[in-house]
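An overview of the molecular structure
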Amino acid sequence: MKQAGFPLGMLLLFWVSYVTDFSLVLLIKGGALSGTDTYQSLVNKTFGFPGYLLLSVLQFLYPFIVDPENLFIGRHFIIGLSTVTFTLPLSLYRDIAKLGKISLISTGLTTLILGIVMARAVSLGPHIPKTEDAWVFAKPNAIQAVGVMSFAFICHHNCFLVYSSLEEPTVAKWSRLIRMSIVISVLICIVFATCGYLTFTGFTQGDLFENYCRNDDLVTFGRFCYGVTVILTYPMECFVTREVIANVFFGGNLSLVFHIVVTVMVITVATLVSLLIDCLGIVLELNGVLCATPLIFIIPSACYLKLSEEPKTHSDKIMSCVMLPIGAVVMVFGFVMAVTNPQDCTHGQEMFYCFPDNFSHTNTSDSHVQQTTQLSILNISIFQ
């Protein structure tokens, strides 16, 4: 919302969710047309080894551009301990269906975090100064916003795995399931985006939790819940990365020993990345434009256009022809903008409004000084 402008951001959020719904169904249709049951085999059947190799790289890189548990007090120890204790054992599962109940717990925690963000929008929002451009319709960084939104909705890399785990999988059943999931997801995203942006407007950070003060115990609990959701969700991403390695180097099958070795290697490298990076915003942008955008917009459309024998005027083909060039534009320009104009990052430092005495150093109007001075009362009455 900060990058795109609040009104345009909302429109883009609906658009990206619609494209996600369409492309997920398109992938399964492409699999049915080509007689394949994995994303990699679909692309291999459609575009040969070069396409297969490109997709494998994108799927492999996706989990490595993730910066989990962004907690800055002893974060290295916490990440290491949680990885060894929880993430690694869960990632060793060989059946993705067994992760279903774990994902359900993650969804419940997400709802709890949403409630915390909503509560703070009411209690904290009125006391945070609003930036001058808070309510403009559109901003020049809208393409970067599309990249972040694409990251939020990306699940294409494991859609065949989930599809095959369904009882009696069919395209119609998959379409209903995806539509219901997308509707729930977009509603959650809208509430998160609205409450977060209304609270902090132009001061919103790439990681919303960086906006809250450290002595806010309720938000600290929310940070803990967020860390748990990452721990519970990451094994599915590891599952896809491991499958890529198995398909490319081991003919699709891993022995028990190699299964453990590959899993440990993937988790280790990803953990090292998360230990070195503490800015979630640039991570979301780069992941969105480099991995999520081609996996959502470009590859499903290209596969369907080449495989389908429907007439050019068919709605699926028209939509695919629209999605493909838009995805290419978002990928190229989004990457350039993410590198040249990255999101703000506090690197774990508290925001200025957590220290009312320092407010005079900011470029805001005098009317906001009184608002921010009230934060000293908030720090006592609300945060503690």
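Here we summarise the structure given alongside this text.

Rules and cut-offs
Each chain carries its own residue numbering, running from 1 in the written order of its sequence. This being a predicted model, a pLDDT of at least 70 is required before a residue's local features are given, and a value of 80 or more before pairs of side-chain atoms are given or counted; all residues contribute to the totals for chains, interfaces and linings. Water and hydrogen atoms play no part in the side-chain values, which are based on all heavy atoms of the structure. Take the buried residues of types Ala, Val, Leu, Ile, Met, Phe, Trp, Tyr and Cys, join any two whose side-chain atoms come within 4.5 Å, and each joined set is a nonpolar core. Classification of residues uses two cut-offs on accessible area relative to the type maximum, computed with a 1.4 Å probe and protein chains only: under 20% is buried, over 50% is exposed, and between them is partly exposed. Strands here mean DSSP runs of E at least two residues long; helices mean DSSP runs of H or I at least four residues long; both are numbered from the N terminus. Delimitation of the domains relies on an automatic or database domain assignment. Contact criterion: two residues are considered in contact whenever any of their non-hydrogen atoms come within 4.5 Å of each other. Cysteine sulfur atoms are paired as a disulfide whenever they come within 2.5 Å of each other. As used in this structure description, the phrase polar contact means that two N or O atoms lie within 3.5 Å; if the pair is within protein, one of them must be able to donate a hydrogen and the other to accept it, and residues adjacent in sequence are counted only when both atoms belong to side chains. Salt bridges are identified by distance alone: a Lys or Arg side-chain nitrogen within 4 Å of an Asp or Glu carboxyl oxygen.

As a further point, take the nonpolar core. Core analysis: the largest hydrophobic core is formed by 52 residues, its most contacted members being Tyr39 and Ile299. Secondary structure elements with two or more residues in this core: helix H1 (6-34), helix H2 (39-61), helix H5 (142-153), helix H6 (159-165), helix H7 (171-200), helix H10 (280-307) and helix H11 (315-340). Of the residues that make up this core, three or more belong to each of domain 1 (6-66) and domain 2 (75-345). Residues within four places of Tyr39 in sequence aside, it is in contact with Leu27, Leu55, Gln59, His156, His157, Phe160, Leu295, Ile299 and Pro300. In terms of nonpolar packing, the next biggest core, distinct from the first, is built from 28 residues, Ile116, Leu124, Ile128 and Phe209 among them.

The tally for this structure, following the rule as stated, stands at one disulfide. Between the sulfur of Cys213 and that of Cys354 lies a disulfide, 1.9 Å long from S to S. Classification of the bridge connecting Cys213 and Cys354 rests on its S-S torsion, roughly -95 degrees, and on that basis the disulfide is left-handed. Here the residue Cys213 occupies a position in the loop between H7 and helix H8 (217-249), and Cys354 occupies one in the loop between H11 and helix H12 (366-373), the gap between them amounting to 141 residues. With respect to burial, Cys213 and Cys354 carry one shared label: buried. For Cys155, which is in no disulfide, the shortest distance to another cysteine sulfur is to Cys159 and amounts to 7.1 Å. According to the relative accessible area criterion, Cys155 is partly exposed, its value standing at 26%.

Moving on, we get to the side chain of Ser23. Mapping Ser23 onto the fold places it in helix H1. Judged by relative accessible area, which is 0%, Ser23 ranks as buried. A polar side-chain atom of Ser23 sits 3.2 Å from the main-chain carbonyl oxygen of Thr20.

Quick look at the environment of Phe137 now. Its location among the elements puts Phe137 in the loop between helix H4 (100-123) and H5. Counting along the chain gives 132 residues from Phe137 to Gly5, while the straight-line C-alpha distance between them is 5.4 Å. Apart from residues lying up to four places away in sequence, Phe137 is in contact with Ala4, Gly5, Pro7, Leu8 and Leu11.

Right, let's talk about the pattern of salt bridges for a bit. By the definition in use, this model includes four salt bridges. Note that Asp316 is salt-bridged to Lys29, the shortest N-O span being 2.9 Å. Of this pair, Asp316 sits in helix H11 while Lys29 sits in helix H1, and the two are 287 residues apart along the sequence. Judged by its relative accessible area of 28%, Lys29 falls in the partly exposed class. Residue Lys139 pairs with Asp133 through a salt bridge whose shortest N-O separation is 3.6 Å. According to the relative accessible area criterion, Asp133 is partly exposed, its value standing at 36%.

Let's shift gears to the environment of Ser165. With respect to the helices, strands and loops of the structure, Ser165 is situated in helix H6. Along the backbone, Ser165 and Ala97 are 68 residues apart, and their C-alpha atoms lie at a distance of 6.0 Å. Other than its neighbours up to four places away in sequence, Ser165 contacts Ile96 and Ala97.

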